[in-house]
Amino acid sequence: MSKAKGFKKSKSGTYLSMAGTALGALGVAKQVKKARNENDTLRLIDAALSAAAIVTGLAILYRELKRLGDDDVLLG
């Protein structure tokens, strides 16, 4: 059970977080499509900011993945 507590700080947990964050891009893509169809500038700005947040989140997770290196919690 103690290994499960460190899952979020493991490579596997980081990959899972990256996948979840990347899935958020699907929602943003739908939001952009809807905003363009309705010519809704405010919704388009919101989608752009959400996309920027996703890119930033992925960059942070990638940096964390690089920092983990060989000292993976689940590997021992």
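Residues numbered from 1 in each chain as written. Predicted model: local features only at pLDDT ≥ 70, side-chain atom pairs only at ≥ 80, totals over all residues. Heavy atoms only, no water.

Draft legend 1. Inspection of the pattern of salt bridges at higher detail. Enumeration according to the criterion identifies two salt bridges in this entry. Across the salt bridge formed by Glu-38 and Arg-43, the nearest N and O atoms sit 3.6 Å from each other. If you follow the salt bridges from partner to partner, you end up with Glu-38, Asp-40 and Arg-43 in one network. (Salt bridge = Lys/Arg side-chain N within 4 Å of Asp/Glu carboxyl O.)

Draft legend 2. Representation of unusual backbone geometry in the model. At Asn-39, a position not held by glycine, the phi torsion is positive, near 55°. Inspection of the secondary structure assignment puts Asn-39 in the loop between helix 2 (11–38) and helix 3 (41–68). Residue class for Asn-39 comes out exposed when judged on its relative accessible area of 69%. (Helix = DSSP H or I, 4+ residues; strand = E, 2+ residues; numbered from the N terminus. Buried < 20%, exposed > 50% of the residue type's maximum accessible area, 1.4 Å probe, protein only.)

Draft legend 3. Just helix 2, in detail. For helix 2, spanning 28 residues, the distance from its first C-alpha to its last is 41 Å, which sits close to the expected 40 Å at 1.5 Å a residue. If you check which residues of helix 2 are buried, you get Gly-13, Thr-14, Met-18, Val-28 and Ala-35. Tucked into the core, helix 2 has its buried residues touching helix 3. The first or second residue beyond helix 2 is Asn-39, which carries a positive phi of 55°. (Expected span 1.5 Å × (residues − 1). Contact = heavy atoms within 4.5 Å.)

Draft legend 4. Just the environment of Glu-64, in detail. Considering the arrangement of structural elements, one finds Glu-64 in helix 3. A sequence separation of 50 residues divides Glu-64 from Thr-14, and the C-alpha atoms of the two residues are 7.6 Å apart.

Draft legend 5. Representation of helix 3. Its 28 residues place the ends of helix 3 41 Å apart at the C-alpha level, agreeing with the 40 Å of an ideal helix rising 1.5 Å per residue. Those residues of helix 3 lying buried are Ala-47, Ile-54, Leu-61, Leu-65 and Leu-68. Where helix 3 is buried, its residues touch helix 2. Residue Asp-40 occupies the N-cap position of helix 3, its side-chain oxygen lying 3.3 Å from the main-chain nitrogen of Leu-42. (Polar contact = N/O pair within 3.5 Å; in protein donor to acceptor, adjacent residues only side chain to side chain.)

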